[in-house]
Amino acid sequence: MWLGPEEVLVANALWVTERANPFFVLQRRRGHGRGGGLTGLLVGTLDVVLDSSARVAPYRILHQTHDSQVYWTVACGSSRKEITEHWEWLENNLLQTLSIFDNEEDITTFVKGKIHGIIAEENKNLQPQGDEDPGKFKEAELKMRKQFGMPEGEKLVNYYSCSYWKGHVPRQGWLYLTVNHLCFYSFLLGKEVSLVVQWVDVIWLEKNDTVLFPESIRVDTRDHELFFSMFLNIGETFKLMEQLANLAMRQLLDSEGFLEDKALPRPARPQRNISALKRDLDARAKNEYYRATFQLPGDEHLDGHTGCTLWTPFSKLHIPGQMFISSNYICFASKEENACHLIIPLREVTIVEKADSSSVLPSPLSISTKSKMTFLFANLKDRDFLVQKISDFLQKTSSKQPGDSSTGRKASSLDSAPESSPSPQEASEQPVSPTAPWGGRQSSLAQEAPTASQGLLKLFKRNTPVEDLGAKGAETEKEEQWNSHFCEYGRGVCMYRTAKMRELVLKGIPERLRGELWLLFSGAWNEMVTHPSYYAELVEESTGKYTLATEEIERDLHRSMPEHPAFQNELGIAALRRVLTAYAFRNPTIGYCQAMNIVTSVLLLYGSEEEAFWLLVALCERMLPDYYNTRVVGALVDQGIFEELTRDFLPQLSEKMQDLGVITSISLSWFLTIFLSVMPFESAVVIVDCFFYEGIKVVLQVALAILDANMKQLLDCSDEGEAMTILGSGDDPPEEVDIFDLLKVSYEKFSLRADDIEQMRFKQRLKVIQSLEDTAKRSVVRAIPGDIDFSVEELEDLYVVFKAKHLTSQYWGNGRPAAVRRDPSLPYLEQYRIDASQFQELFTSLTPWACGAHTPVLAGRMFRLLDQNRDSLINFKEFVTGISGMYHGDLTDKLKVLYKLHLPPALSPEEAESALEATHYFTEDNPEASPLASGLDLFLPWNAQEALQQEEREGAGNEVVQEKRGEEKRTSTPDYRHYLQMWAKEKEVQKETIKDLPKMNQEQFIELCKTLYNMFSEDPMEQDLYHAIATVASLLLHIGEVGKRFSAQPSRKLRDGAPGEDQLLAPDPPQDPAQELPPPAAGDPQAKAGGDTQLGKVPQESQERGGGEGQASPSQHLSDDETKDDMSMSSYSVVSTGSLQCEDLTDDTVLVGGEVHSPSTTTTRSGGSVDTEWSISFEQILASILTESVLVNFFEKRVDIGLKIKDQRKVERQFSTSSDHEHSGVLG
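Residues numbered from 1 in each chain as written. Predicted model: local features only at pLDDT ≥ 70, side-chain atom pairs only at ≥ 80, totals over all residues. Heavy atoms only, no water.

**With respect to the overall build of the protein chain**
Thinking step 1. Looking only at helices and strands, one finds 53 helices and 22 strands in the protein chain.
Thinking step 2. In the protein chain, which comprises 1228 residues, the proportion classed as buried is 55%.
Thinking step 3. For the protein chain, the share of sequence-separated contacts (at least 6 apart) that also reach a separation of at least 24 residues comes to 69%.
Thinking step 4. On the protein chain, roughly 53600 Å² of surface is accessible, and the fraction owed to carbon and sulfur atoms is 52%. (Helix = DSSP H or I, 4+ residues; strand = E, 2+ residues; numbered from the N terminus. Buried < 20%, exposed > 50% of the residue type's maximum accessible area, 1.4 Å probe, protein only. Contact = heavy atoms within 4.5 Å. Areas by Shrake-Rupley, 256 points an atom, 1.4 Å probe, with all protein chains shown as cover.)

So this is what it looks like as structure tokens:
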């Protein structure tokens, strides 16, 4: 490659000059290539340790002038061929021009300009627009791709110098972290280590510090434990590895591949040696932290943050902290945890102004809101830039909401109390913008069903038992405390959130304020006011629609808090139905999951339908991520965290609980329903209060406190049932505990940090998702029918290879159907599928029938045979069915597979036009035998095709069938009953006999002969096999000709009386149908025997051997000289050319060998030149092959697929060590 010219002061250190001219020198690195000895070892080690580019480029070209001592690098190359091309270009294009110059400085300037021009031209073609990666980083990325054989689609994120521990010996080298792989390379004193691990294979990743491995990073896969240490910045490295592994897990979970976030802010100039991907990943991490800290919508992107102080009127102090700014929010977080948090939506801001600076209050900034609150920030580093930024965002915010009346908003704010903004709860009772339009929308929906426009608890208060005066007094006292708090700290979304507020939340939120504060704490209020008509539109869209989700919702509606009067009538049930159905349509990936009904029913008690809907959105998509998907991954992750915390805080009890197996049973229901299904309602709703304020940490702390409170009884348990009863999951209610005491204990004894929980979530997510992948593998293997003779271990190995091939389409082939159409909500068997090109790669490496250059053609036919629904994708069951057909069974079974590969649908119309005509002929000849159906029976005996045809007759309304046909995925969840029915039919195996197979026409028989010929080319017995197949083919050709004489005469009359389809399609039909057609050119590349790319060269070679076309006796055999030369392919050419001629029905001779026809005397073979009355049956082929023992032995010999799988897995993920010093050996 050409390099930007850089100075080299010492040109000959560690380099050997191989060529030179007056202006350029070509050099080779010492130790590279021939010998090298100790010098080569030392130089190679030095290159790796010092990150020299010489390991990638052992050759280079320097520019020099006669009197100068300074050299300039202009090119480098990884091979002699590459560097020689550059050298020859310089000699041919520059030498003559440079000899004209008189001044050496002009020569150097010209050379540098020319090289820069070449590089610019190359980059214009190769590099994407806007590529900001610095030069040094691009060099490292090039090194990574060459070293590990990665395609250009694999992007390097960053690279680090470190040591890999091989045994007890550290190997110093370079760790390359790409989007999809972890790679390591080391070369020390002749010992080379090269590692490649896919992120999707990582099951454990942790940073530890032990005596054996000091301050190291441990990476575990299913097969290996890897340790890396001696990092310059281990914290940064580990954080990046976590992010990349997390992205890989997300890809396995929901097929969300890594996409560069185009919305992230771009720096003015790229940072040195930092890639654009690394910068974007850092920005993603900051965005996630920002959104999680302030409970902001998922599409909010942090623009920047700066240190400052905030004046807090309640404490009369300036609190230091960080100001965060994004396109829709200004937020503040104090340095001291829980001291003060602030969220100011820009839609609420009225005035932003710079106050006068003073020594006491430098660079102050005042922000006023519509609720008459003013916030004073100070100690801002770049106040002018900040004000300009906020002003720009304010302009965009106002332009985003053209329908909102600013004057109306201002008027409503003036009407409210000065210290408070209109609360969400008041919105349903008074027309306060921005919630004023709700009433109109609710009333329009009320025509169809009664609509809950406020919390159901208010509507059904009169039906609840009369509360005692003490409880009413306590509720009133809470309200007074909260109102006093609002007066001091503000009310609404812009209020100050302090430790005082947490204390109030722990005491319980008053019922009247619960809905309002839940909306504010969860961030649902922000999403609701910025999407004012979203819920109404969803309800309208989903009304009357039927999906699997709506069916499940209907089934669970009356199980949601049936004891509460709000859900004993149609008003509550209808509201619950609308909210759950609307969410199922909003997020079809989740749809509906059990436990969502219980949570939503509680949300409806304290808020309107729209408020409950947005609270449910906040729960499912932000606060409890992945909890309610089909595999409840999020709940399983937090269950794993709970088990880990139990081991840390309650080790004695943890051991007992593990023995009883209780934690797994109870914790899932605790987490999915936030204790609502296992605690008295009044107690559980207090936990929900705390949960909305502080997130999942409250649920984990309370769960630990429950175990702690019942420790003595649990330790005395003898079985699982007794433990379940104690913990309230049995029939008898547990001993009552005051919920506020339980919360107090949970915070005092088991206080957790949100950062620590996120760290634990990452580790558990790796474990859970990989465990689910293992479960999926076992489920898929169990679904394979018993007539597939692979062992369980072989099937599991094949599944790993198959899945890895699918994932490559996720990595580097986003345009491929397999990448586009993957649907994680489908059953396990359908989740991973591959397309034709991926199948071809696997077929080539796994097939026992190696056919050389003909293998891709055979792979394409096998794929068409297996792809019965024509969606251009096959699943794992179809894949192993095809592979098993080649490996297992006797001679007859394997020949049936080979036979069907040369009939439609395996033989495509492009390969042989006459194959379609043969189908009509065979159907007339044998009405019971359909080539299409029989061609699939061997591979799919479980009758799946009939199931699909049945679906087509019934209207093809099933979403899963439509997905299999490649149509656009609908928003409904697929109906799994279809798969249950299909799998039930698989048990009804229909045994196929050889008489069910259709006959093969002449064109198809030629293709079969050609495949057999190619199949034998690498066999030790190839000469005997060639002779045998030539004998068998001659015999079968004669049998076909004899059989033609006994065919019905009406078919001949029809052909003579009217032009057949083949004649109509022919470009040059013969003048006389009865006249014998001239044979095709022996070297005609357009010969239609399968449309194979190899057809052209075989007959050409037969010309050279003297094999032509003529007539001979049927008993005439080929000489040994003609059959044993595999380079000439003479035996094949005799069979092919002899069988291409259409004989007259009265002629009983067969073409086997003859004279050479020159191209000038031959005619182009057309669609009408194939004898459609010639046919051969499978029984005849089988009987003929049985006469040749060498053919019988070839098909009956057993091949071990295990070795082929190992070779394929080496290709898919390189995990190898090598002692070869040569760089080319590594790449190979």
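**Topic: the pairing of strand β6 (residues 156–166)**
Each regular strand carries side chains that alternate between the two faces of the sheet.
Thinking step 1. Burial analysis of β6 places 10 of its 11 residues in the buried class, the great majority of the element.
Thinking step 2. From the end of β6 to the start of strand β7 (residues 169–178), which pair antiparallel, there are 2 residues, and Gly167 there has a positive phi angle of about 70 degrees.
Thinking step 3. Note: β6 against strand β12 (residues 225–229), 2 bridges, orientation antiparallel. What sits directly across from Ser163, in β12, is Ser229. (Pairing = 2+ DSSP bridges.)

**As for the pairing of strand β2 (residues 15–20)**
Thinking step 1. Sheet topology places β2 next to strand β3 (residues 24–29); 5 bridges connect them, and they run antiparallel. Considered in β3, the bridge of Arg19 is made with Leu26.
Thinking step 2. Hairpin connection, β2 to β3: the antiparallel pair is bridged by 3 residues.

**Describing the environment of Phe1194**
Thinking step 1. Structurally, Phe1194 can be placed in helix α51 (residues 1189–1196).
Thinking step 2. Taking relative accessible area as the criterion, Phe1194 reaches 9% and is therefore assigned buried.
Thinking step 3. Linking Phe1194 and Phe1016, residues 178 residues apart in sequence, is a C-alpha distance of 9.0 Å.
Thinking step 4. Those residues in contact with Phe1194 that lie beyond four places of it in its chain are Met1015, Phe1016, Asp1019 and Leu1025.

**A look at the sheet that holds strand β1 (residues 2–8)**
Backbone hydrogen bonds hold the strands of a sheet together, and the pairing may be parallel or antiparallel.
Thinking step 1. An order of β1-β5-β4-β3-β2 is seen for the 5 strands of this open sheet, with the pairing classed as antiparallel. Looking at which strands have only one partner, the edges of the open sheet turn out to be β1 and β2. With strand direction ignored, the average angle separating the axes of adjacent strands in the sheet is 30 degrees.
Thinking step 2. Two strands pair when backbone bridges link them, and strand β4 (residues 59–63) and strand β5 (residues 71–77) are joined in this way by 5 bridges, in the antiparallel orientation. Note on β5: the bridge partner recorded for Ile61 is Ala75. (Axes fitted to C-alpha atoms, helices over the stretch in contact; angles between N-to-C directions.)

**Here's the deal with the packing of aromatic side chains**
Thinking step 1. Across all of its chains, the model carries 46 aromatic pairs by this definition.
Thinking step 2. Here the aromatic rings of Tyr290 and Phe294 are separated by 5.8 Å at their centres, their planes lie at 65 degrees, and the arrangement is edge-to-face. You can see Tyr290 and its partner Phe294 sitting in helix α7 (residues 276–294), 4 residues apart, about one turn around the helix.
Thinking step 3. When its relative accessible area of 0% is taken as the criterion, Tyr290 is described as buried.
Thinking step 4. Taking the relative accessible area as the measure of exposure, Phe294 reaches 2% and is therefore buried. (Phe/Tyr/Trp six-rings, centres within 6.5 Å; stacked < 30°, edge-to-face > 60°.)

**Topic: the nonpolar core**
Thinking step 1. Among the nonpolar cores identified, the biggest contains 255 residues, and Phe228, Phe377, Tyr628 and Phe879 are the most heavily contacted of them.
Thinking step 2. Non-local contacts of Tyr628, meaning those with residues more than four positions away in its chain, are made with Ile590, Cys593, Gln594, Ala595, Met596, Val599, Cys620 and Leu672. (Core = buried A, V, L, I, M, F, W, Y, C linked by side-chain atoms within 4.5 Å.)

**Things to note about helix α2 (residues 80–93)**
Thinking step 1. In this model α2 runs 20 Å from its N-terminal to its C-terminal C-alpha over 14 residues, within 8% of the 20 Å that 1.5 Å per residue would give.
Thinking step 2. Residues Glu82, Ile83, Thr84, His86, Trp87 and Leu90 constitute the buried set of α2. (Expected span 1.5 Å × (residues − 1).)

**Quick word on the state of the cysteines**
Thinking step 1. With the rule as written, the count across this model stands at 0 disulfides.
Thinking step 2. You can see Cys331 has no disulfide; the closest cysteine sulfur is in Cys494, sitting 9.9 Å from it.
Thinking step 3. Look at Cys331 and you get buried, because its relative accessible area is 1%. (Disulfide = S-S within 2.5 Å.)

**Comments concerning the pattern of salt bridges**
Two side chains of opposite charge can pair, provided their charged atoms sit close to one another.
Thinking step 1. Per the stated rule, a full pass over the model turns up 36 salt bridges.
Thinking step 2. A salt bridge links Glu82 to Lys146; its shortest N-O distance comes to 3.9 Å. Residue Glu82 is located in helix α2, and its partner Lys146 is located in helix α5 (residues 135–148); the two are separated by 64 residues in the primary sequence.
Thinking step 3. Judged by its relative accessible area of 19%, Glu82 is buried.
Thinking step 4. In this structure, Asp871 engages Arg833 in a salt bridge whose closest nitrogen and oxygen atoms are separated by 3.3 Å. Here Asp871, found in the loop between α35 (855–866) and α36 (876–887), pairs with Arg833, found in the loop between α33 (828–831) and α34 (836–846); they are 38 residues apart in sequence, far enough to count as distant.
Thinking step 5. On the basis of relative accessible area, Asp871 is assigned to the buried category, the value being 2%.
Thinking step 6. Judged by its relative accessible area of 3%, Arg833 is buried.
Thinking step 7. Look at the salt bridges and you will find they share partners, linking Glu206, Arg218, Asp220 and Glu225 into a network. (Salt bridge = Lys/Arg side-chain N within 4 Å of Asp/Glu carboxyl O.)

**Brief notes about the sheet that holds strand β16 (residues 341–345)**
Thinking step 1. Within the open sheet, the 7 strands sit side by side as β16-β15-β14-β13-β19-β18-β17. Their pairing is antiparallel. Bordering the open sheet on either side are β16 and β17 (349–354), each of which pairs with just one other strand. Neighbour to neighbour, the strand axes of the sheet diverge by 30 degrees on average, direction disregarded.
Thinking step 2. Pairing analysis gives 5 bridges linking β17 to strand β18 (residues 365–369), with the strands arranged antiparallel. If you follow Glu353 over to β18, its bridge partner there is Ser366.

**Observations regarding the packing of helix α15 (residues 511–522) against helix α20 (residues 596–606)**
Thinking step 1. Following both chains from N to C, one finds α15 and α20 inclined at 115 degrees, their axes separated by 8 Å at the closest point. Between α15 and α20, the residues in contact are Glu511, Arg514, Gly515 and Trp518 and Val602, Leu603 and Tyr606, respectively.
Thinking step 2. Of the residues belonging to the contact of α15 with α20, the class tally is 4 nonpolar, 1 polar and 2 charged. (Nonpolar A, V, L, I, M, F, W, Y, C, P; charged D, E, K, R; others polar.)

**Topic: the packing of helix α19 (residues 570–586) against helix α21 (residues 609–623)**
Thinking step 1. Between α19 and α21, the shortest axis-to-axis distance is 10 Å and the interhelical angle comes to 45 degrees. With respect to each other, α19 and α21 are oriented oblique. Note on packing geometry: the crossing formed by α19 with α21 is right-handed. Residue-level contacts link Ala575, Arg578, Val579, Leu580, Ala582, Tyr583 and Arg586 of α19 to Glu609, Ala612, Phe613, Trp614, Leu616, Val617, Cys620 and Glu621 of α21.
Thinking step 2. Taken together, the residues that form the contact of α19 with α21 break down as 11 nonpolar, no polar and 4 charged. (Parallel < 35°, antiparallel > 145°, perpendicular 65-115°, else oblique. Left-handed = near helix turned anticlockwise from the far one by under 90°.)

**Re unusual backbone geometry**
Most peptide bonds take the trans form, and the phi angle of most residues other than glycine is negative.
Thinking step 1. A cis amide bond links Pro904 to the next residue, Pro905, at an omega of 5 degrees.
Thinking step 2. Relative to the helices and strands, Pro905 resides in the loop between α37 (891–900) and α38 (914–925).
Thinking step 3. One non-glycine residue with positive phi stands out, namely Lys372, at about 65 degrees.
Thinking step 4. Take Lys372: it is sitting in the loop between β18 and β19 (374–378).

**With respect to the environment of Ile784**
Thinking step 1. Inspection of the secondary structure assignment puts Ile784 in the loop between α30 (754–782) and α31 (792–812).
Thinking step 2. Residue class for Ile784 comes out buried when judged on its relative accessible area of 8%.
Thinking step 3. Counting along the chain gives 96 residues from Ile784 to Val880, while the straight-line C-alpha distance between them is 8.4 Å.
Thinking step 4. Not counting chain neighbours up to four residues away, the residues in contact with Ile784 comprise Leu795, Phe876, Lys877 and Val880.

Structural measurements only, silent on function.
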